[in-house]
Amino acid sequence: SITEETVELLEPYLDMEDYNLETAKKVCGNVAGLCSWTQAMAYFYGINKEVLPLKANLALQEGRLAAAQMELNSAQNQLDEKQKELDEVQAMYDAAMKEKQALLDDAEACRRKMNNATALIEGLGGEKLRWTASSKNFQNQIMNLVGNVLLATGFLSYSGPFNQEYRNLLLQLWKKEMDSSKIPYSKNLNLTGMLVDNATVGEWNLQGLPNDDLSIQNGIIVTKASRYPLLIDPQGQGKIWIKNKEKNNGLQVTAMNHKFFRSHI
């Protein structure tokens, strides 16, 4: 029932400095509550004056929203039906494409097998020559095996203390004796390649063994000979290599001045 005219009539009173709750309390407590209530009602009228149009607009927009929602639900139902039809058609399409891909894969597999079979048939003609040569080479290796092993064992047993030049001289002398005794051996025998593979040599180099022929031969003698080696190693290269090589095998290092030796002298 509050009107704009009522609020206008109240404004001169509301604008007075002493028209407030604190001042009214000093005069009369009952009047103080009435003073506060009139201020609140005037403030409420101002707010409600702005809110009422918003409420009316809200009701209008809610009606529009409800209508739009009904249209949306109808459209969504239609979309769901069409989506269901699309899913069925998509499933049929996927099945057809899967069958097509399977046929293509089978055809490609057959083509690869045919090409491999053709290449194998064509390659076997050339392999016959290589197999014949390899068979002949194997026969020569078997025939020369005794002599090659004899040279290798002689190298391991007797060439350790000597330098490279004298080792080569020993091999030449042994070959002459084997020629006179008619013991077959490979003329181009490589003792290093026979006694150790390249991977092992590479591992030795990583462990500190020099890459020259003499050092590699020394490594072969150390690892392949049945007797314990004595290393004359003024530069310390052999000692470094042995330590690195046997580091993971529990190698124990000692010296002649260790207390273990002094206690037994």
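Basis of the calculations
- Residues numbered from 1 in each chain as written.
- Predicted model: local features only at pLDDT ≥ 70, side-chain atom pairs only at ≥ 80, totals over all residues.
- Heavy atoms only, no water.
- Helix = DSSP H or I, 4+ residues; strand = E, 2+ residues; numbered from the N terminus.
- Rg over C-alpha atoms; globule rule 2.2 N^0.38 Å.
- Buried < 20%, exposed > 50% of the residue type's maximum accessible area, 1.4 Å probe, protein only.
- 1 Å grid on protein atoms, 1.4 Å probe; cavity = no way out; pocket = protein on both sides within 12 Å on 5 of 7 lines; lining within 4 Å.
- Points joined across faces, edges and corners; volume = space filled by probe spheres on them.
- Nonpolar A, V, L, I, M, F, W, Y, C, P; charged D, E, K, R; others polar.
- Phe/Tyr/Trp six-rings, centres within 6.5 Å; stacked < 30°, edge-to-face > 60°.
- Patch = residues over 30% accessible without salt bridge, like charges linked within 9 Å, V, L, I, M, F, W, Y side chains within 5 Å.
- Areas by Shrake-Rupley, 256 points an atom, 1.4 Å probe, with all protein chains shown as cover.
- Salt bridge = Lys/Arg side-chain N within 4 Å of Asp/Glu carboxyl O.
- Contact = heavy atoms within 4.5 Å.
- Expected span 1.5 Å × (residues − 1).
- Arc of directions from axis to C-beta.

**Student:** If you had to explain the overall build of the protein to someone new, which residues and values would you point to?
**Tutor:** Scanning the protein for helices and strands turns up nine helices and zero strands. For the protein, the succession of helices and strands along the chain, N to C, is α-α-α-α-α-α-α-α-α. In terms of overall size, the protein is more extended than a compact globule, its C-alpha atoms giving a radius of gyration of 53 Å where 265 residues would be expected to give roughly 18 Å. Dimensions of the protein, computed from the C-alpha atoms along their principal axes, are close to 145 × 75 × 30 Å. Looking at the protein as a whole, 16% of its 265 residues qualify as buried.

**Student:** So what's going on with the layout of surface pockets? Residues and values would help.
**Tutor:** Computed from the structure, the largest pocket encloses a volume of approximately 850 Å³. What lines the largest pocket is a set of 29 residues, and nearest its centre among them are Gly 160, Asn 218, Leu 230, Leu 231 and Ile 232. Contributions of two or more residues to the lining of the largest pocket are made by helix H3 (29-158), helix H7 (213-224) and helix H8 (237-245). Split into classes, the residues belonging to the lining of the largest pocket amount to 16 nonpolar, nine polar and four charged. In this structure, the second largest pocket spans a volume of roughly 250 Å³. The wall of the second largest pocket is formed by Leu 231, Asp 233, Gly 238, Lys 239, Ile 242, Lys 243, Leu 251, Gln 252, Val 253 and Thr 254. Here the lining of the second largest pocket is built from residues that sort into four nonpolar, three polar and three charged.

**Student:** How would you sum up the packing of aromatic side chains? Please name residues and give values.
**Tutor:** All chains considered together, the criterion is met by two aromatic pairs. Aromatic side chains Phe 162 and Tyr 166 sit 4.6 Å apart centroid to centroid with 55° between the ring planes, which places their arrangement in the tilted category. Taking relative accessible area as the criterion, Tyr 166 reaches 37% and is therefore assigned partly exposed.

**Student:** Account for a nonpolar patch on the surface, naming residues and giving values.
**Tutor:** A cluster of nonpolar side chains, contributed by Phe 162, Tyr 166, Leu 169 and Leu 173, occupies part of the molecular surface with about 340 Å² of accessible area. Following the sequence through the fold, Leu 173 ends up in helix H4 (residues 164-180). In this structure Leu 173 comes out as partly exposed when scored by relative accessible area, which is 40%.

**Student:** Tell me about the environment of Val 146, and name the residues and values.
**Tutor:** For Val 146, the position within the fold is in helix H3. Expressed as a C-alpha distance, the spacing of Val 146 and Ser 226, which sit 80 residues apart in the sequence, is 19 Å.

**Student:** Kindly report on the side chain of Gln 207, identifying the contributing residues and their values.
**Tutor:** Turning to its location among the elements, Gln 207 is positioned in the loop between helix H6 (198-206) and H7. Apart from residues no more than four positions distant in its own chain, Gln 207 is found in contact with Ile 240, Trp 241, Asn 244 and Lys 245.

**Student:** Go over H4 with me, naming the residues and quoting the values.
**Tutor:** The terminal C-alpha atoms of H4, which comprises 17 residues, lie 25 Å apart, in line with the 24 Å expected from a rise of 1.5 Å per residue. Restricting attention to buried positions, one finds in H4 the residues Arg 167, Leu 170, Leu 171, Lys 175 and Met 178. Along the axis of H4, the buried positions cluster into a sector of 135°, meaning they face one direction only. Residues of H4 that are exposed and angled more than 90 degrees away from the buried face: Glu 165, Lys 176, Glu 177 and Ser 180. Phi turns positive, to about 60°, at Lys 182, one or two residues after H4.

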